[in-house]
Amino acid sequence: MPNGHADTAHHPALQHHFDNLEQQQDAATFGMWVFLVTEVLFFGGMFMAYTLYRYWYPDGWVAASHHLNVLLGAFNTAVLIGSSLTMALAVRAGQLGERRGQVLFLVLTILLGAVFLGVKVVEYADKFEHHLVPGPNFLFDDARYARPAQIFFSVYFAMTGMHALHMIIGLGLLTWLLLNAIKGRFTREWNTPVEVVGLYWHFVDIIWIFLFPLLYLVGHH
Amino acid sequence: MDTATAAPRVDYLENGHTWQSWLLTRDHKRIALLYLFGVTFFFAVGGLFALMVRLELLTPLGDLFEAETYNKLFTMHGVAMVFFFLIPAVPAVLGNFLVPIMIGAKDLAFPRVNLLSWYVYMVGGLFTMGAVILGGVDTGWTFYTPYSTAASNTHVIMTGLGVFISGFSSILTGFNFIVTIHKMRAPGMTWFRLPLFIWAHYATALIMILGTPVVAIAIVLVALERTLHIGIFDPTLGGDPVLYQHLFWFYSHPAVYVMVLPAMGVISELIAAGARKEIFGYKFVAFSSLGIALIGFFVWGHHMYVSSQSIFAGLIFSVLTYLVAVPSAVKVFNWTATLYKGSISYDAPMIYAFGFLGLFLIGGLTGLFLGAMGLDVHVHDTYFVVAHFHYVMVGGTIMAYLGGLHYWWPKISGRLYPEGWARFAALVIFVGFNLTFFPQFLLGYMGMPRRYHMYPEEWQVLNVLSTAGASILGTGYLLPMIYFTWSWRKGPKATANPWGATGLEWTIPSPPPTENFIETPIVTAPAYDYAHQEEHVA
Amino acid sequence: MFNIPLFPEQASGFAGRVDNLYFFITAVTAFFAVLVVVLVFVFATKYRRRHADQVGVPVHGALALEITWTLIPLVLAMVMFVWGASVYFALAKPPSDTMEIYTVGKRWMWKFQHVTGQREINELHVPVNKPVKLIIGSEDVIHSVYVPAFRVKMDAVPGRTTTLWFTATKPGRYHLFCTEYCGMKHSGMVGWVTVMEPQAFQTWLAGGPASGNMLEAGQKLFTDLACVTCHRDDSGGRGPSLKGLFGTTVRLQTGASVKADENYLRESIMSPQAKIVEGYQPLMPTFQGLVSEEQLMQLLAYIKSIGPTGTAAPTATTAAPAGQPAAQPAAAGAPATP
């Protein structure tokens, strides 16, 4: 009989409106996929603005993109891909019941994520110094492309800023996971929160994998 | 299914009386009531603004309010009604209450997310009310650029923030419904045994999660443009004001289906119960909900035929607009056919359902005028459009919402409302509504533009009729507010199934216990199985 | 008694077509509305519940019926689509020899500039039975030109040029409204279109203060803003010659081709870097902020007049042959040369 109550002790993580742990896990994973679909639409609006303005001002786009540091962008891409790897390993460790391994990989993921954000801070500071932040202080060295460049940088800050915000939220979630992992809350039976945050983290990584070439590699052959 | 025969369970209303037990509840039924409080408040606010708009329009001159004030009144009427009443009302009140029960579950998949969605809605509402109190906003609920980004000196960003935040409430609700309907149906509750209310809410949830993020971005970009003048929508900086319209309508057209699909789901339930028959063409009605949700994403450009959009784009949007009309027609025919050889009741929920059929019919059919490109050129941005959307939104959604509130009131409150007053109110609303909005079709074709507080004298008679209707309509809406409140304490107690209807919600006590079902039900019958009802009823 | 009007006067060539489509859709919708309402009434009465536990009689769905009531609305909807599209095509495609009037919307007034020089504010005089094209711009936010009696409407979008055309068929005075919300005095941004018999129109054109021929004003701007320095008539300038340009196809540096219409000219003046003509360098500075919307219209009118067909020919002056200065001013009561 599908009633988790009447039996002997059920899993401490089981919420009472679910009949069993499997249903709960299923719902949580499916829920994260649905949430990620909304995120695709959210970023999609910005990708659309990017596409439109790039189509209209191709030369301005190239000129503006050259002001981004490709090396830092590439480094960050590698860092983020690395963090996706460590995240996947953290999930796997949980599935195998290896608490120590999971804690290690979660720490690495958080570190790599923090490095990414650190690099972004450096880049943003550089843009600020060079008057490339849209607004009253915006100043572009090639006057021909001043207006499209301002639009480029608006899109740049909007998209990387939104991405960075998602990363910060992700780091928060990872920290919460880490604390729980240290306490041994995740077992072979119940590893779902790690898997679900893992999905989120991979998504944030994939967004960056689109952002990097679109923003940093315009006009580079 | 068995109703309470064992030890009496505490019903959800009695299960805790402190304010924490309400404000920190995880019970979907209590959250539905929290939403009921919120949406009713915004309905009153929006209604008050509407009344003021109609009062100004009694005379051809702008003599009641200053122009700026009038512009704020119609804007805030739209913002309050669209974002804080029409979009949440049916899904967040009736949907939240009924979706778990109708599928045989104890709650939604993520009860804490459900509570969060209410708080997000209320915070968004606070920002918007804050903007109202601080002086209002005057851009129209559509916030067109560059007026909203460069010219208006009202509280655009604060209102935008309120709308942005409350959009997340919509996304969270939709997300919760999708996961719940997929993963928490009781054993035996296959997709094609689901009540059509569930199909409608599923289709709605799809729109909520796919469309809302785009308007969120549109609002963020407006805010950035307004503060930083970055140039996305500003032509003097190389931007494109029409891009905003695309981003806005990409959501706001599907949003109207968010407003109407749940209402259609309610109507299916009301007609099945009111005729004591299965809905004719169940699968067609179910699939038409999905069809409307899908096609509805591709018609947004029909709001932009005269915005300098290309003819080619206009053609595509027009043909798709006509395609999306077909599933709605199919539903209306199926509902009508359900009445054939039914056992038709004249209770208030059914009166509301009849009202819906007539008014949604007119509203939907007048959409056909607007979809025709050459004709839309003449009536775009006139009162014809205003009349059309009020027929579908008010004549459609609000009639269905009220009908649903009446139908499920015994379940929600455990009390019966006064039937005589309810029927009377339904008639007053129906008459008041038609008197308010039918003249507006005529005004629109004559050429009266929207958002005007002064107009040529020859149009005064129609405007006066419309205002007279509005006062009747307003009175009609007050009546249920009064007698529902009265019945909460003083109404006769309701049994588990006062209507003799099918559906899992009628197999549990009125009001239900907190966990809905003592034992998870096992479903073996199709929906609306009136033919074999005796075999299923206790 | 109440004199409730049902539709505005039919004062343009379009009005009849638009109204006919309206009547057709009204007839179809009325038919289905009545059908459904009658059926609902009949069923609700005939099958009303007679005793408390009576249930309905199950009637199983008929696929044929579902298909029928899906296909019939679909077919009718397609008819409406095609009809609506055909009317729209007519509205969107002006004939080639229209009389052009430059229109600028600005909060909260409409400025109409006849090529011959007459400037009107919130009033527009046009001759009857002659196709008229409004070339529309906005100085600030989005407005919309709407003349209900003509059944025409078009948004005035800042940063773009839009057009609207009609042939007025009945002399009289007709409402003109701004019908895209534009702020405080949106409902005051109204005016009148006066349609006149040809003689009366000529008299009106000839009399009253003229602010100077638009083409002359445009040519003067072309010199004053130093456009002529780079855009010389020979091919030796730093910019391409604009003689004989309007309406032709231009090849761009990227290899793409574009039609040199009003929006191309506008963009070339405001965002010159966006499209560079093949064989030229991106040298042109932007004139955003240096020319008002009205001045832009004058430049457009001038450049059009030196185009291959001199399409900006107003009725009271002769068309300027390419390369020669624009025609004589309208003041002298010159006979109309349509």
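All figures in this text were calculated on a predicted structure; none of them were measured in a lab.

Peer 1: Please provide a residue-by-residue account of the overall build of chain B, values included.
Peer 2: Within chain B one finds 17 helices and zero strands. For 538 residues, the compact-globule formula gives about 24 Å, and the C-alpha radius of gyration of chain B, at 23 Å, lands near that figure. Taking the intrachain contacts of chain B between residues at least 6 apart in sequence as the baseline, contacts between residues at least 24 apart amount to 82%. Element-wise, carbon and sulfur atoms account for 71% of the exposed surface of chain B, whose accessible area totals about 16,100 Å².

Peer 1: Any chance you could break down the sheet that holds strand β8 (residues 162-167) of chain C for me, citing the residues and the numbers?
Peer 2: All names here are of chain C. The strand order β3-β2-β1-β5-β8 describes an open sheet built from five strands, whose pairing is mixed. At either end of the open sheet lies a strand with only one pairing partner, and these are β3 (119-121) and β8. This sheet shows a mean twist of 25 degrees between the axes of neighbouring strands, independent of strand direction. Bridge analysis of strand β1 (residues 99-106) against strand β5 (residues 131-138) gives seven bridges, and the strand direction is parallel. Note that in β5 the partner of Thr103 across the bridge is Ile136.

Peer 1: Please provide a residue-by-residue account of helix α6 (residues 192-216) of chain A, values included.
Peer 2: Here α6(A) is 25 residues long and its end C-alpha atoms lie 36 Å apart, about the 36 Å a rise of 1.5 Å per residue gives. Summarising burial for α6(A): 18 of the 25 residues are buried, a large majority.

Peer 1: Residues and numbers for the packing of helix α15 (residues 419-446) of chain B against helix α16 (residues 460-490) of chain B, please.
Peer 2: All names here are of chain B. Viewed as axis vectors pointing N to C, α15 and α16 meet at an angle of 155 degrees, and their least axial separation amounts to 7 Å. Compared by their axis directions, α15 and α16 come out roughly antiparallel. Handedness of the crossing formed by α15 with α16: left-handed.

Peer 1: I'd like to hear about empty space enclosed by the protein, residue by residue, with values.
Peer 2: Residues and elements named next belong to chain B. Under the definition given, this model contains nine cavities of 30 Å³ or more. Taken as a whole, the largest cavity encloses approximately 190 Å³ of empty space. As for the largest cavity, its lining consists of 22 residues, and the residues nearest its centre are Phe83, Ile87, Ser166, Gly167 and Ser170. At the level of elements, α4 (89-103), α7 (156-183) and α8 (196-228) are the ones that each hand at least two residues to the lining of the largest cavity.

Peer 1: I'd like to hear about a nonpolar patch on the surface, residue by residue, with values.
Peer 2: The grouping of A:Leu104, A:Val107, A:Leu108 and A:Leu111 at the surface amounts to a nonpolar patch, some 310 Å² of accessible area in total. Checked against the element boundaries, A:Leu108 lands in helix α4 (residues 99-129).

Peer 1: Explain the packing of α8(B) against helix α10 (residues 282-295) of chain B residue by residue, including any values.
Peer 2: All names here are of chain B. Packing of α8 against α10 leaves a shortest axis separation of 8 Å and a crossing angle of 10 degrees. By the angle between their axes, α8 is roughly parallel relative to α10. Seen from above, α8 lies across α10 with right-handed handedness. Seen from α8, the contacting residues are Leu196, Trp199, Ala200, Tyr202, Ala203, Leu206 and Ile207; seen from α10, they are Tyr282, Val285, Ala286, Ser289, Leu290 and Ala293. Tallied by class, residues from the contact of α8 with α10 come to 12 nonpolar, one polar and no charged.

Peer 1: How would you summarise the packing of aromatic side chains if you had to cite specific residues and measurements?
Peer 2: How two aromatic rings sit relative to each other is given by the distance of their centres and the angle of their planes. On inspection of all chains with the given rule, the structure shows 84 aromatic pairs over all chains. Aromatic pair C:Tyr146 and C:Phe177: ring centres 6.5 Å apart, planes at 45 degrees, arrangement tilted. Of this pair, C:Tyr146 sits in strand β6 (residues 143-147) while C:Phe177 sits in strand β9 (residues 172-178); the two residues are 31 residues apart in sequence, bridging distant segments of the chain. Each member of the pair, C:Tyr146 as well as C:Phe177, is classed as buried. The aromatic ring of B:Trp22 is capped on one face by B:Arg30, whose charged end is 4.1 Å from the ring centroid.

Peer 1: An account of the side chain of B:Thr75 is needed here, citing residue identities and associated values.
Peer 2: All names here are of chain B. The topology assignment puts Thr75 in helix α3 (residues 67-86). In this structure the side chain of Thr75 is engaged in a polar contact, spanning 2.7 Å, whose partner is the backbone oxygen of Asn71. In contact with Thr75, not counting residues within four places along its chain, are Val137, Asp138, Thr139, Gly140 and Trp141.

Peer 1: Tell me what's going on with the sheet that holds strand β4 (residues 123-127) of chain C, and back it up with residues and numbers.
Peer 2: Residues and elements named next belong to chain C. The sheet built from five strands is open, its strands ordered β4-β10-β9-β6-β7 with mixed pairing. Here the strands that pair on one side only, and so sit at the sheet edges, are β4 and β7 (152-156). Taking each pair of neighbouring strands and ignoring which way they run, the sheet shows an average axis angle of 20 degrees.

Peer 1: Could you give an account of the interface of chain B and chain A, naming the residues involved and the relevant values?
Peer 2: Listed per partner, the contact involves 38 residues of chain B and 33 residues of chain A. Both faces considered, chain B and chain A share a buried interface measuring about 3,100 Å² in area, 71% of it formed by carbon and sulfur atoms. Contact with chain A buries surface across chain B, with B:Lys183, B:Ile217 and B:Ile230 losing the most and accounting together for 18% of the total. Linking chain B with chain A are two salt bridges, by the criterion used here. Put simply, B:Lys183 and A:Asp26 hold a salt bridge, and the shortest N to O gap is 3.3 Å. Where chain B packs against chain A, one counts eight residue pairs in polar contact (both at pLDDT 80 or more). Contributing elements (two or more residues each) for the side of chain B that touches chain A: α5 (111-133), α7, α8 and α9 (241-275) of chain B.

Peer 1: Would you mind going over the domain arrangement of chain C in detail, with residue names and values included?
Peer 2: In terms of domain boundaries, chain C breaks down into domain 1 (7-43 + 63-212) and domain 2 (214-336). Computed over C-alpha atoms only, the centres of domain 1 of chain C and domain 2 of chain C are separated by 29 Å.

Peer 1: Lay out the nonpolar core in plain terms, naming residues and giving numbers.
Peer 2: Counting residues in each nonpolar core, the largest one holds 330 residues, and the members touching the most others are A:Phe153, B:Leu94, B:Tyr401, B:Trp408, C:Leu134, C:Phe150 and C:Phe166. Apart from the residues within four sequence positions on either side, B:Trp408 is in contact with B:Leu94, B:Leu98, B:Met102, B:Phe197, B:Val266, B:Glu269, B:Glu505 and B:Trp506. Counting 32 residues, the second-largest nonpolar core is a separate cluster that includes C:Val250, C:Val258, C:Met297 and C:Ile303.

Peer 1: Lay out the interface of chain C and chain B in plain terms, naming residues and giving numbers.
Peer 2: The interface is formed by 86 residues belonging to chain C together with 91 residues belonging to chain B. In this assembly, chain C packs against chain B so that about 7,600 Å² is buried in total across both faces, 70% of it on carbon and sulfur atoms. Three residues stand out in chain C for area buried against chain B, namely C:Arg49, C:Tyr88 and C:Tyr181, and they jointly supply 10% of the buried area on that side. Between the two partners, chain C and chain B, sit one salt bridge. The salt bridge partner of B:Asp240 is C:Arg160, with a shortest N-O separation of 3.1 Å. Where chain C packs against chain B, one counts 30 residue pairs in polar contact (both at pLDDT 80 or more).

Peer 1: Kindly report on the pattern of salt bridges, identifying the contributing residues and their values.
Peer 2: Residues and elements named next belong to chain C. With the rule as written, the count across this model stands at 21 salt bridges over all chains. A salt bridge links Arg119 to Glu294; its shortest N-O distance comes to 2.6 Å. Within this pair, whereas Arg119 is found in strand β3, its partner Glu294 is found in helix α7 (residues 293-305), the two being separated by 175 residues in sequence. Accessibility expressed as a relative area gives 19% for Glu294, which makes it buried. With a closest N to O distance of 2.9 Å, Lys275 and Glu267 form a salt bridge. Overall, the relative accessible area of 28% leaves Lys275 in the partly exposed class. Sharing partners across several salt bridges, the network here consists of Glu100, Lys133, Glu262 and Lys304.

So, how was this worked out
- Residues numbered from 1 in each chain as written.
- Chains lettered and ligands numbered in written order.
- Predicted model: local features only at pLDDT ≥ 70, side-chain atom pairs only at ≥ 80, totals over all residues.
- Heavy atoms only, no water.
- Helix = DSSP H or I, 4+ residues; strand = E, 2+ residues; numbered from the N terminus.
- Rg over C-alpha atoms; globule rule 2.2 N^0.38 Å.
- Contact = heavy atoms within 4.5 Å.
- Areas by Shrake-Rupley, 256 points an atom, 1.4 Å probe, with all protein chains shown as cover.
- Pairing = 2+ DSSP bridges.
- Axes fitted to C-alpha atoms, helices over the stretch in contact; angles between N-to-C directions.
- Expected span 1.5 Å × (residues − 1).
- Buried < 20%, exposed > 50% of the residue type's maximum accessible area, 1.4 Å probe, protein only.
- Parallel < 35°, antiparallel > 145°, perpendicular 65-115°, else oblique.
- Left-handed = near helix turned anticlockwise from the far one by under 90°.
- 1 Å grid on protein atoms, 1.4 Å probe; cavity = no way out; pocket = protein on both sides within 12 Å on 5 of 7 lines; lining within 4 Å.
- Points joined across faces, edges and corners; volume = space filled by probe spheres on them.
- Patch = residues over 30% accessible without salt bridge, like charges linked within 9 Å, V, L, I, M, F, W, Y side chains within 5 Å.
- Salt bridge = Lys/Arg side-chain N within 4 Å of Asp/Glu carboxyl O.
- Nonpolar A, V, L, I, M, F, W, Y, C, P; charged D, E, K, R; others polar.
- Phe/Tyr/Trp six-rings, centres within 6.5 Å; stacked < 30°, edge-to-face > 60°.
- Lys NZ or Arg CZ within 6 Å of the ring centre and 35° of its normal.
- Polar contact = N/O pair within 3.5 Å; in protein donor to acceptor, adjacent residues only side chain to side chain.
- Buried area = accessible area lost by both parts, 1.4 Å probe.
- Domains from an automatic or database assignment.
- Core = buried A, V, L, I, M, F, W, Y, C linked by side-chain atoms within 4.5 Å.

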